[in-house]
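Letter by letter, the chains look like this.
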Amino acid sequence: MGQVVKIDTKFRYIKTKQTKNRKGELVVYIYVQLTPRRAGDPSIRLVEPPGSPEFVLEYDRAVEELKAYRQQGWDQEIEEVNHRHRHTGTVADLWLLYKASHNKGGFQRLKPSTQRQKERRLGAFVKAYGSYRWAKLESNHIAEIRDKARRRAKSASTSGIEAGNTIVKDIAAMLSWANRPEQNLTPKGWRHPCANLKIVEETDGHHAWSESEIEQFLDYWQVGTMQHTAMLCLWTTGLRASDVIKLSETEVTDEVVQCAITKTKRGKNKYLKFKVEPELRAALDASKVTNIRQTFLGTAYGQPFSSGKSFSNWFGKAVRKAGLPSCCTPHGVRKALAQKMANCGVTAPEMCTFFGWANLREAQTYIDMAESEQRSFSAREKLKVTKITVSSA
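Residues numbered from 1 in each chain as written. Predicted model: local features only at pLDDT ≥ 70, side-chain atom pairs only at ≥ 80, totals over all residues. Heavy atoms only, no water.

What follows concerns the sheet that holds strand β1 (residues 14-20). The strand order across the open sheet built from three strands is β1-β2-β3, with neighbouring strands paired in antiparallel fashion. On the outer flanks of this sheet lie β1 and β3 (44-46), each paired with one strand and no other. The mean angle between the axes of side-by-side strands here comes to 40°, regardless of whether they run parallel or antiparallel. Note that strand β2 (residues 26-32) and β3 share three bridges and pair antiparallel. Within β3, the residue paired with Tyr-31 across the bridge is Arg-45. (Pairing = 2+ DSSP bridges. Helix = DSSP H or I, 4+ residues; strand = E, 2+ residues; numbered from the N terminus. Axes fitted to C-alpha atoms, helices over the stretch in contact; angles between N-to-C directions.)

In structure tokens:
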């Protein structure tokens, strides 16, 4: 009997099948199959040894090929629906037209990660309001949709506000595309229902971690845990969750790591360089979980995080286990680092270079907050110098 092949690294789309060959030996066949599976989806068998670099390359090529095949099927399906229902005027039909669009403002021009997020949010909206006539949507309808999205969020805190604002922005983008002159979809006299809708509410945004909260997290998650390494990666680089998961040993030269950030103006990649601080290097060397792609951060299965969202969910569990409130998010570490830099006198151009910001306005916000706080302290100190005497009657 042959030995059963064990795959040490967990890949998202891997499927295995055990069977006996002609000699009666037990063999394991490894396949790549997209999930959730759709009718007619094929699978691709992998032949390279599991755990080897060749296996990873073969897996990546198979996933790309299967996704391209699925996308081609979706495009054909959308074209068929468009041909049958182009002028019905429902939200569902507009969504299909928008999803197939390649022109300016079109869905297909968005980054794949943005497309997936919009599909998730607008897909739920279309499921609930697909039979509505989109040209008759008014501001009160959009406000109702926004409020429902906020209530569905876990709380009415920042996450709830963002959930409502985001769905409004998604709907506004789809309707703005329909209103473009070359589409010729909007009726005469149509008014954009999101044009005069207030979607931004007063909020401080993400909670900035305090130094005591960071210390509490690091005290709970000791050196050698992936959670400890994740906090040091966030604190020493100030990267977003979607970018910090890309940090890799393959990009390190003389203890300087290069990372491509994608959330930039016009969606163009921008490369930032960071020094691998000694405490971060010690954490990386002591980490018990390694992965074949050599990224700094990885799951318990030795696989890099699939997205910034999956990393944030994993990090949120670590936050709760450390006894910290759920408002402590990965982005809050970035905000805390920006505040600390501003308090230390770092200039706006220096902060923009470090964080990859496109303009000085974001950096100046933190600098103004720091200067305001310093002026407040200075005023209090000057008040102490003045002696106030109270004469008795």
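Core analysis: the largest hydrophobic core is formed by 40 residues, its most contacted members being Trp-209, Phe-217, Val-244, Leu-297, Phe-311 and Phe-315. Residue assignment for this core shows that the elements contributing at least two residues are α6 (211-220), α7 (226-237), α8 (241-244), β5 (256-261), β6 (270-275), α9 (278-286), α10 (308-321) and α11 (330-343). Take this core: its biggest share by element is six residues, from α7. Look past the residues within four positions of Phe-311 in its chain and what remains in contact with it is Ala-230, Leu-234, Ala-241, Val-244, Ile-245, Leu-297, Phe-305 and Pro-330. With 26 residues, the next largest nonpolar core counts Leu-94, Ile-142, Val-168 and Ala-172 among its residues. (Core = buried A, V, L, I, M, F, W, Y, C linked by side-chain atoms within 4.5 Å. Buried < 20%, exposed > 50% of the residue type's maximum accessible area, 1.4 Å probe, protein only. Contact = heavy atoms within 4.5 Å.)

So, on to α9. Taken together, the buried positions of α9 are occupied by Leu-280, Arg-281, Ala-283 and Leu-284. Buried residues along α9 cover an arc of 160° about the axis, so they all sit on one side. Among the exposed residues of α9, those oriented more than 90 degrees off its buried face are Pro-278 and Asp-285. Structurally, α9 contributes buried residues whose contacts are with α7 and β4 (252-253). (Arc of directions from axis to C-beta.)

Let us now look at the packing of α11 against helix α12 (residues 348-355). With their axes 11 Å apart at the nearest point, α11 and α12 run at an angle of 155° to one another. In terms of their interaxial angle, α11 and α12 are classed as roughly antiparallel. With respect to the hand of their crossing, α11 and α12 are arranged in right-handed fashion. Residues Arg-334, Leu-337, Ala-338, Met-341 and Ala-342 of α11 pack against Met-351, Phe-354 and Phe-355 of α12. (Parallel < 35°, antiparallel > 145°, perpendicular 65-115°, else oblique. Left-handed = near helix turned anticlockwise from the far one by under 90°.)

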